[in-house]
Amino acid sequence: MESFEPVLLANIQRPDSHTLAVYEATGGYQTLRRALRELSPAQVVDEVRRSGLRGRGGAGFPTGLKWSFLPADHPGPIYLCVNADESEPGTFCNRVLMELDPHQVLEGTILSAYATRATTAYIYLRYEYPLAYRRLQAAIDEAYAAGYLGRNILGSGFSLDVYIHRGAGAYICGEETGLIESIEGKRAWPRSKPPFPAVEGLFRKPTVVNNVETLACVKHIIERGADWFRSIGVPPSPDDPRDPGSFGPKLFCISGHVNKPGCYEAPLGISCRELIEKFGGGVWKGRRAKAVVPGGLSTGVLSVDELDVPMDFVGPVQKGCLGLGTGGVIVMDETYPMIEFLHNSCRFFAHESCGQCTPCREGTSWALQIVRRIKAGRGRLVDLDLLLEIADNIGIIPGTTICGLADGAAWPIKTAIRKFREELEDYIKRTNPTGYKTRRPVPALDNGSPSHKESPVSFQG
Ligand SMILES: NC(=O)c1ccc[n+]([C@@H]2O[C@H](COP(=O)([O-])OP(=O)(O)OC[C@H]3O[C@@H](n4cnc5c(N)ncnc54)[C@H](O)[C@@H]3O)[C@@H](O)[C@H]2O)c1
Ligand SMILES: Cc1cc2nc3c(=O)[nH]c(=O)nc-3n(C[C@H](O)[C@H](O)[C@H](O)COP(=O)(O)O)c2cc1C
Ligand code: SF4
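Residues numbered from 1 in each chain as written. Chains lettered and ligands numbered in written order. Predicted model: local features only at pLDDT ≥ 70, side-chain atom pairs only at ≥ 80, totals over all residues. Heavy atoms only, no water.

Caption draft 1: Fine view of the overall build of the protein chain. Helix and strand counts for the protein chain come out as 18 helices and 11 strands. Over its C-alpha atoms the protein chain spans a radius of gyration of 23 Å, differing by no more than 12% from the 23 Å that the globule rule assigns to 461 residues. Judged by the C-alpha coordinates and their principal axes, the protein chain covers about 80 × 50 × 45 Å. Taken across its 461 residues, the protein chain has 55% of its residues classed as buried. A separation of at least 24 residues holds for 69% of the contacts in the protein chain among residues at least 6 apart in sequence. With an accessible surface of roughly 19,300 Å², the protein chain has 51% of that area assigned to carbon and sulfur atoms. Here the protein chain contributes 52 positively and 52 negatively charged side chains, and the mean placements of these two sets differ by 4 Å. (Helix = DSSP H or I, 4+ residues; strand = E, 2+ residues; numbered from the N terminus. Rg over C-alpha atoms; globule rule 2.2 N^0.38 Å. Buried < 20%, exposed > 50% of the residue type's maximum accessible area, 1.4 Å probe, protein only. Contact = heavy atoms within 4.5 Å. Areas by Shrake-Rupley, 256 points an atom, 1.4 Å probe, with all protein chains shown as cover. Lys, Arg positive; Asp, Glu negative; His and termini not counted. Charge placed at Lys NZ, Arg CZ, Asp CG, Glu CD.)

Caption draft 2: Local environment of the packing of helix α6 (residues 102-116) against helix α9 (residues 212-224). Running from N to C, α6 and α9 point in directions that differ by 75°, and their axes come no closer than 7 Å. As the angle between them shows, α6 and α9 are arranged roughly perpendicular. Of the residues in α9, those in contact with Gln-104, Val-105, Glu-107, Gly-108, Thr-109, Leu-111 and Ser-112 of α6 are Val-212, Leu-215, Ala-216, Val-218, Lys-219, His-220 and Ile-222. (Axes fitted to C-alpha atoms, helices over the stretch in contact; angles between N-to-C directions. Parallel < 35°, antiparallel > 145°, perpendicular 65-115°, else oblique.)

Caption draft 3: Spotlight on the site of ligand 1. For ligand 1, the set of nearby residues contains 16 residues, the closest of which are Gly-57, Lys-66, Glu-88, Tyr-171 and Glu-176. In the model, a nitrogen atom of ligand 1 is placed 3.2 Å from a nitrogen or oxygen of the Gly-57 main chain. Between ligand 1 and the protein, one listed contact pairs an oxygen atom with a side-chain N or O atom of Lys-66 at 2.6 Å. In isolation ligand 1 exposes 850 Å². Once the protein is present, 73% of that is buried. Class assignment of the residues belonging to the shell around ligand 1 gives a composition of six nonpolar, six polar and four charged. Looking at which domains feed residues into the shell around ligand 1, each of domain 1 (20-231) and domain 2 (246-333) gives three or more. (Near = heavy atom within 4 Å. Polar contact = N/O pair within 3.5 Å; in protein donor to acceptor, adjacent residues only side chain to side chain. Nonpolar A, V, L, I, M, F, W, Y, C, P; charged D, E, K, R; others polar. Domains from an automatic or database assignment.)

Caption draft 4: Geometry of the sheet that holds strand β1 (residues 79-84). Judged by pairing direction, the sheet is parallel, and its four strands sit side by side in the order β3-β2-β1-β4 without closing on themselves. Of all strands in the sheet, those with a lone pairing partner are β3 (161-166) and β4 (207-211), marking the two edges. Taking each pair of neighbouring strands and ignoring which way they run, the sheet shows an average axis angle of 20°. Where strand β2 (residues 120-125) and β3 come together, six bridges link them in parallel fashion. Looking across to β3, one finds that Leu-125 is bridged to Arg-166. Contacts between helix α8 (residues 176-183) and the sheet are confined to β1, β2, β3 and β4, with β2 contributing the most and set at about 105° to the helix. Across the face of the sheet, α9 comes into contact with β1 and β4 while running at roughly 90° to β4. (Pairing = 2+ DSSP bridges.)

Caption draft 5: Molecular detail of the site of ligand 2. If you check the shell around ligand 2, you find 18 residues, and the closest are Gly-57, Lys-66, Asn-210, Asn-211 and Thr-214. Asn-210 is positioned with one of its side-chain polar atoms (N or O) 2.8 Å from an oxygen atom of ligand 2. Burial of ligand 2 by the protein chains amounts to 87% of its free accessible area of 610 Å². Per element, the largest residue contribution to the shell around ligand 2 is three residues, and it comes from β4. Residue composition of the shell around ligand 2, grouped by class: three nonpolar, nine polar and six charged.

Caption draft 6: Structural context of the sheet that holds strand β7 (residues 249-256). The mixed open sheet is built from five strands, whose spatial order is β8-β7-β11-β9-β10. One side of each edge strand has no neighbouring strand; the edge strands of this open sheet are β8 (262-267) and β10 (302-303). Two elements, β7 and β8, share six bridges in a ladder whose sense is antiparallel. Note that in β8 the partner of Phe-252 across the bridge is Tyr-264.

Caption draft 7: Broad picture of the pattern of salt bridges. With the rule as written, the count across this model stands at 29 salt bridges. One salt bridge connects Lys-186 with Glu-184, and the closest N-O pair in it is separated by 2.8 Å. Judged by relative accessible area, Lys-186 falls into the partly exposed class, the value being 40%. As a salt-bridge pair, Glu-362 and Arg-361 come within 3.0 Å of each other at their nearest N and O atoms. According to the relative accessible area criterion, Glu-362 is partly exposed, its value standing at 27%. Overlapping salt bridges bring together Glu-181, Glu-184, Lys-186 and Arg-191 as one network. (Salt bridge = Lys/Arg side-chain N within 4 Å of Asp/Glu carboxyl O.)

Caption draft 8: Representation of unusual backbone geometry. Backbone torsion omega between Gly-76 and Pro-77 reads -5°, so that peptide bond is classified as cis. When you line up the elements, Pro-77 lands in the loop between α4 (63-68) and β1. Of note, the bond from Lys-193 into Pro-194 is cis; its omega dihedral lies within 30 degrees of zero at -5°. When you line up the elements, Pro-194 lands in the loop between α8 and β4. With phi around 55°, Asp-16 is a residue other than glycine that occupies positive phi space. One can find Asp-16 in the segment before α1 (20-25).

Caption draft 9: Molecular detail of helix α5 (residues 93-100). For α5, the tally of buried residues reaches six of eight residues, placing the bulk of the element in the interior. Taken together, the buried positions of α5 are Cys-93, Asn-94, Val-96, Leu-97, Met-98 and Glu-99.

Caption draft 10: Region of interest: the environment of Asp-141. Along the polypeptide, Asp-141 turns up in helix α7 (residues 130-145). When the C-alpha positions of Asp-141 and Val-162 are compared, they lie 9.8 Å apart, and in sequence the two are 21 residues distant.

This is the structure:
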């Protein structure tokens, strides 16, 4: 860690880092120039595959492998979708890249399109990022004018058009098949997989969907080589034959109760504690941490005893979390009530469920109703088991839903209850001293919604 030099954020401190002039002055687009001259698309795919790069959008799927699923003999067109929807709570690393170094993102995008034989790329951009929109569009215009985009790029015979598609303001638009539906002009309802987009995606054609940070990494892999990339991070675990390793630099966003919230770059495998102390400046007001979300809200929580976990694709899973996710670290200090965490999380996912699958639609809304009731001082101890039962039965992992939003809703519930049960039980007992022991059903709170008023729940107990 001592000798680590930022790669993805290397240029962001320079004045006007978002402009083509500054990007070119630091060697920008030289990698593209060389690759188009010296490497075939297959060689670019091979280098990315050898690097061990895993998707930075949250799931950590190996990028080169995903590209190799594209049908080799397809007549085209093949599409590249750049996932810049970035709606995971606690995550803003794509934003930093797009606002401060948009040409780095574009160079990675053009190289990836060349590798995958895509001739059109859509950047699906979170609507709430207006500065990123302006900077990216300006960068695209500059790249066209300089011959890095458009027909016959740099005389290579390769052509690519890039369009920005501004998002529709919903979390589900970032799920790759929801994103594809949204670009097609429809409601962002995720599709059942398989087929995965690599086989049948946008306009039913083979499509690669990759996160902004993944594509930025591609630029550096082609520039410095797969071996350089593999020299950063964590090699495969000898105990787990399914672990391909966690290589390369990663952007971590640190927010919540820390002294220096921000987006920082570190090698994969750095401990969560080091991130909070070294980069985040420690927990604010000299307090201790109580709970930390390691990789965006959907990954769940770590307890304060688990902060030495390595932040790679394996570490948070070994602590019961969904995964490394986006690397969005949210710190909650020792005074923060976990009922608030549960309530905020359940409210978010109930609001964002697209409603297609019954277990997700109903499960997220029941969970919210139960947590609201607990928070209002009408909780029962058995409610915690009821919440766990809901959480254990929604999602792709238990096999009951179309997409992973429900898994993301489940993990904060599971980890908060399993790791902070005593605190939550104390809360229930303190706020409902006469009713906490009952096992009898109690009415949901009236949430004021018309449908709730029309069909009151008649639990008489
Ligand atoms: N970046 C954000 O703002 C954000 C927001 C919400 C969730 N997430 C993350 O999203 C993650 C879940 O993503 P997901 O549901 O897309 O995960 P996933 O595992 O289903 O897919 C990951 C990627 O691998 C590809 N893939 C997987 N198996 C494949 C196969 N057999 N053939 C071809 N391609 C295959 C998928 O097409 C996809 O591109 C969560 O872990 C969460 O961390 C990120
Ligand atoms: C509900 C939901 C929302 C998602 N939102 C995003 C997102 O905003 N950005 C993103 O890159 N990936 C998001 N993903 C993951 C994508 O579906 C997909 O895995 C990713 O874009 C693939 O890129 P990568 O391989 O480069 O990580 C989301 C997944 C789910 C289930
Ligand atoms: S799991 Fe939830 S968000 Fe995903 S498709 Fe089903 S209802 Fe929609």
